[in-house]
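Below, each chain spelled out in residue letters.
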Amino acid sequence: NAAHEVTAFGYGVFGGKQMFEASYIDGLFRLHDQTRGQGVITYDYDNNVNEDVTSVSKMFRDGAAVDAHANSQKTYDYFKNTFNRNSVDDNGQRLLSRVHVGDNWNNASWNGVYMSYGDGDGIRFHPLAGGLDVAAHEMSHGVIQHTASLIYRNESGALNESFADIFGAMVDRDDWIIGEDIMANGAIGLRSLEDPAALIENRTQEPYPDHWSKRYTGTLDNGGVHINSSINNKAAYLVSEGGEHYGVQVTGVGREATEQIYYRALSHYLTASSNFAMMRQAAIQAATDLYGSNSDAVKAVQQAYNAVGVY
Ligand SMILES: O=C(O)[C@H](CCc1ccccc1)CC1(C(=O)N[C@@H](Cc2c[nH]c3ccccc23)C(=O)O)CCCC1
Ligand SMILES: [Zn+2]
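All values derive from a computational prediction rather than experimental measurement.

Observations regarding the packing of helix α5 (residues 229–241) against helix α8 (residues 296–307)
Helix-helix packing: each pair is described by the crossing angle between the helix axes and the interaxial distance. With their axes 9 Å apart at the nearest point, α5 and α8 run at an angle of 145° to one another. When the axes of α5 and α8 are compared, the crossing they make is right-handed. Along the contact surface, α5 presents Asn232, Ala235, Leu238 and Val239, while α8 presents Ala300, Val301, Ala304, Tyr305 and Ala307. Among the residues making up the contact of α5 with α8, the classes are represented as 8 nonpolar, 1 polar and no charged.

As for the coordination of the zinc ion (ligand 2)
Coordination of the zinc ion (ligand 2) by the protein is provided by His137 (NE2), His141 (NE2), Glu161 (OE) and Glu161 (OE), with metal-donor distances spanning 1.9 to 2.8 Å. Considering all 6 donor atoms around the zinc ion (ligand 2), the spread of angles at the metal, 51 to 137°, places the coordination shape in the irregular class. All donors to the zinc ion (ligand 2) come from one chain, and their sequence spacing reads H-x3-H-x19-E. Here the residue histidine 141 occupies a position in helix α2 (residues 132–145), and glutamate 161 occupies one in helix α3 (residues 154–171), the gap between them amounting to 20 residues. Take histidine 141: its relative accessible area is 11%, and that puts it in the buried class. By relative accessible area, glutamate 161 is classed as buried at 0%.

What about the nonpolar core?
In a soluble, globular protein the nonpolar side chains are often hidden away together inside. If you look at the biggest cluster of nonpolar residues, it comprises 80 residues, and the most contacted ones within it are Phe60, Tyr117, Phe163, Ile261, Tyr262, Met279 and Tyr305. Beyond its immediate stretch of four places on either side in the chain, methionine 279 contacts Leu159, Phe163, Asn232, Tyr262, Ala265, Leu270 and Tyr305.

Re α5
For α5, built from 13 residues, the straight-helix expectation of 18 Å at 1.5 Å per residue is met to within 8% by its first-to-last C-alpha distance of 18 Å. With 12 of 13 residues buried, α5 is to be regarded as a mostly interior element. Along α5, the residues that are buried comprise Ser229, Ser230, Ile231, Asn232, Asn233, Lys234, Ala235, Ala236, Tyr237, Leu238, Val239 and Ser240. Directly beyond the C-terminal end of α5, a positive phi value near 75° is found at glycine 242.

Side note on the site of ligand 1
The environment of ligand 1 is made up of 17 residues, and the closest members are Asn106, Glu161, Arg191, Arg203 and His226. Within the backbone of asparagine 106, one N or O atom sits 2.7 Å away from a nitrogen atom of ligand 1. Here an oxygen atom of ligand 1 and a side-chain polar atom of histidine 137 are 3.2 Å apart. Burial of ligand 1 by the surrounding chains reaches 75%, relative to a free accessible area of 680 Å². Ranked by the residues each element gives to the shell around ligand 1, the list is headed by α2, at 3 residues.

Definitions and cut-offs
- Residues numbered from 1 in each chain as written.
- Chains lettered and ligands numbered in written order.
- Predicted model: local features only at pLDDT ≥ 70, side-chain atom pairs only at ≥ 80, totals over all residues.
- Heavy atoms only, no water.
- Axes fitted to C-alpha atoms, helices over the stretch in contact; angles between N-to-C directions.
- Helix = DSSP H or I, 4+ residues; strand = E, 2+ residues; numbered from the N terminus.
- Left-handed = near helix turned anticlockwise from the far one by under 90°.
- Contact = heavy atoms within 4.5 Å.
- Nonpolar A, V, L, I, M, F, W, Y, C, P; charged D, E, K, R; others polar.
- Donors = N, O, S within 2.8 Å, 3.2 Å for Na, K, Ca; no water.
- Tetrahedral: all angles 85-135°; square planar, octahedral: opposite > 155°, others 65-115°.
- Buried < 20%, exposed > 50% of the residue type's maximum accessible area, 1.4 Å probe, protein only.
- Core = buried A, V, L, I, M, F, W, Y, C linked by side-chain atoms within 4.5 Å.
- Expected span 1.5 Å × (residues − 1).
- Near = heavy atom within 4 Å.
- Polar contact = N/O pair within 3.5 Å; in protein donor to acceptor, adjacent residues only side chain to side chain.
- Areas by Shrake-Rupley, 256 points an atom, 1.4 Å probe, with all protein chains shown as cover.

Listed below in structure tokens is the structure:
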């Protein structure tokens, strides 16, 4: 019996109902979506083997798998609807996810092929598949890999991380915080684009930097890729929402213009070794292309990078 597509449902990690496309294959319902690109598939990763997540009915019971699958679809749809991009490679590459990776693993990752999610230990993290911004962050690494391919170290690595956070915050659109749903220790989130210094980075035990002068210059974390990303995160937040930062006033231009500026900068102007100064120029050029050289958007970008001390 050939596979056929169905609309299925389930309850996620935090009990929220999710509807999603799945398939009926060989007598069972499986988390195979054949409607998006070359497919969106979510596996249970047990003993280092991808196992299909199956159900005898259209209701799936594995909360992490339900969230990972639905969040992958939402993130696929975001890149298709917002930028007309067909998956990470713009050629419909299969979006593959693995849940229950490791043993209460307190992290998630993108390895070039799979988005992987740990279940968390319940002390620091809840299952990370429960965070839509985490799925969007991980898929964004795939997009970055197929565009500027920013080297994952020092300043280019911090930009890589920042783009993943920016698109994470654009997909999970109701706030400017990454990981707000999956922290088990009462923290408001993992990173804040709105006010990076509101949170303490756990390697340095310092507030995340929100200005160039506060950048991390050590060797931890591949030269602080998850630390210095906050400098560019703050700039993107200011481009969108505006505000005053270290005495510099920025008039924001909103999320819709901001996501277009950053996507164009990433896909048209940045290269593997781009640094923060080049990020400023790429965003100015992208805003100029999209909205004109004297536009509010160009002014917002210039002021935002002035505000975080990047010239
Ligand atoms: O995608 C990424 O950049 C992170 C991937 C980290 C990773 C890299 C290489 C192999 C394995 C894992 C995962 C996320 C992340 O930002 N991790 C941070 C913060 C973090 C989460 N769990 C941790 C446990 C210990 C230390 C730091 C962390 C990191 O790994 O730095 C992204 C969104 C949420 C989790
Ligand atoms: Zn990342």
